[in-house]
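# Structure at a glance
Given next are the chains, with one letter for each unit.
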Amino acid sequence: MSKVWDMVYNSDKTFFGEEPSNFALLCLNHMKANNVQRILELGAGHGRDSVFFASNGIEVEALDYSTVAIELLYKMAKEKGLPIRPRLFDVKGPLPFEDNYFDAVYSHMLLNMWFSFEELHFILSEIRRVLKPRGLNLFSVRNQNDDSYGKGIEIDKGIYDINGFQIRFFTEKEIIDLMASEYFEILWLQEEYEEPVSLYLVSSRKI
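Let me sum up the structure you'll find in this document. (Residues numbered from 1 in each chain as written. Predicted model: local features only at pLDDT ≥ 70, side-chain atom pairs only at ≥ 80, totals over all residues. Heavy atoms only, no water.)

## Quick look at the packing of aromatic side chains
- Applying the stated criterion across every chain, the model contains nine aromatic pairs.
- Between Phe97 and Tyr101, the aromatic rings sit 6.1 Å apart at their centres with planes inclined by 10 degrees, giving stacked as the arrangement.
- Ring geometry for Tyr149 and Tyr160: centres 5.6 Å apart, planes at 80 degrees, overall edge-to-face. Of this pair, Tyr149 sits in the loop between strand E5 (131-142) and strand E6 (153-156) while Tyr160 sits in strand E7 (residues 159-162); the two residues are 11 residues apart in sequence, bridging distant segments of the chain.
- Given the relative accessible area of 30%, Tyr149 is considered partly exposed.
- We classify Tyr160 as buried; its relative accessible area is 9%.
- By the ring-pair criterion, three or more aromatic residues cluster together here, those being Phe23, Phe52, Phe53 and Tyr106.
- We note Arg38 situated over the ring of Tyr101; from NZ or CZ to the ring centre the distance is 4.1 Å. (Phe/Tyr/Trp six-rings, centres within 6.5 Å; stacked < 30°, edge-to-face > 60°. Helix = DSSP H or I, 4+ residues; strand = E, 2+ residues; numbered from the N terminus. Buried < 20%, exposed > 50% of the residue type's maximum accessible area, 1.4 Å probe, protein only. Lys NZ or Arg CZ within 6 Å of the ring centre and 35° of its normal.)

What follows is the structure in structure tokens.
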């Protein structure tokens, strides 16, 4: 899958646009209200949200498994003099940080990639490990109200291959059950349409 994203970013260096996502805009105020100073972004891509957070005084560790995306983000962070440390990484492995290190972990449309539920539980357990007590876990995922749900080839329950991208479409219950099983308290869970996708936006806190 990393090769797919390398091809995407080689063909379009700003595939998701240059402006921050709506989710990042929402999360910044939430982070500021909770005195968040250091975050981990998982699946940072070319860094539009990482740059936004860092430009607003937040220290960012940014992980992605596309070599091209990380190189783009590293160059941008250096040019702008921003507190971003990009790193090539596959989130299926243990996170390369000590326990209780981050005020918040942020991911935008990462967890709806092709992960089994076993892998999702592992990723969430690692997020919990690196978060400080009562740290925030902020994430967005595509849901079953998305126009693309049910299209393409179903390769696993709830997961569809659409033009080479493997996407899981979540139900609200699946999110609630995942959070409860990994000891996160949901602060808010809301639905938003961000063209062209339908998302669940989630803020949760490490219990």
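Structure shown, so let's carry the discussion forward.
## Quick look at the pairing of strand E8 (residues 165-168)
- Bridge count between E7 and E8: four bridges; the pairing is antiparallel. Among the inter-strand pairings, Asp161 is bridged to a residue of E8, identified as Gln166.
- Joining the antiparallel neighbours E7 and E8 is a turn of two residues, in which Asn163 adopts a positive phi near 55 degrees. (Pairing = 2+ DSSP bridges.)

## Observations regarding the sheet that holds E8
- A sheet is described by the order of its strands in space; here three strands give the open sequence E6-E7-E8, paired in antiparallel fashion. The open sheet has two free edges, formed respectively by E6 and E8, since each of these has just one partner strand. Each strand axis lies, on average, 35 degrees off the axis of its neighbour in the sheet, ignoring direction. (Axes fitted to C-alpha atoms, helices over the stretch in contact; angles between N-to-C directions.)

## Thoughts on the packing of helix H5 (residues 117-130) against helix H6 (residues 172-181)
- Viewed as axis vectors pointing N to C, H5 and H6 meet at an angle of 50 degrees, and their least axial separation amounts to 10 Å. The angle between H5 and H6 places the two elements in the oblique class. Considering only the axes of H5 and H6, their crossing is right-handed. Counting all contacts with H5, which are made through Phe117, Leu120, His121 and Leu124, the residues of H6 involved are Glu174, Leu178, Met179 and Ser181. (Parallel < 35°, antiparallel > 145°, perpendicular 65-115°, else oblique. Left-handed = near helix turned anticlockwise from the far one by under 90°. Contact = heavy atoms within 4.5 Å.)

## Let's talk about the pattern of salt bridges
- Applying the stated criterion across every chain, the model contains 10 salt bridges.
- Between Asp99 and Arg129 there is a salt bridge, with its nearest N and O atoms 2.8 Å apart. In this pair, Asp99 is assigned in the loop between strand E3 (84-88) and strand E4 (102-108) and Arg129 in helix H5, connecting sequence segments 30 residues apart.
- In this structure, Arg142 and Asp146 form a salt bridge, with 3.0 Å as the shortest nitrogen-oxygen distance.
- With a relative accessible area of 11%, Arg142 lands in the buried category.
- Linked through salt bridges whose partners overlap, the residues forming this network are Arg38, Glu59, Glu61 and Arg85. (Salt bridge = Lys/Arg side-chain N within 4 Å of Asp/Glu carboxyl O.)

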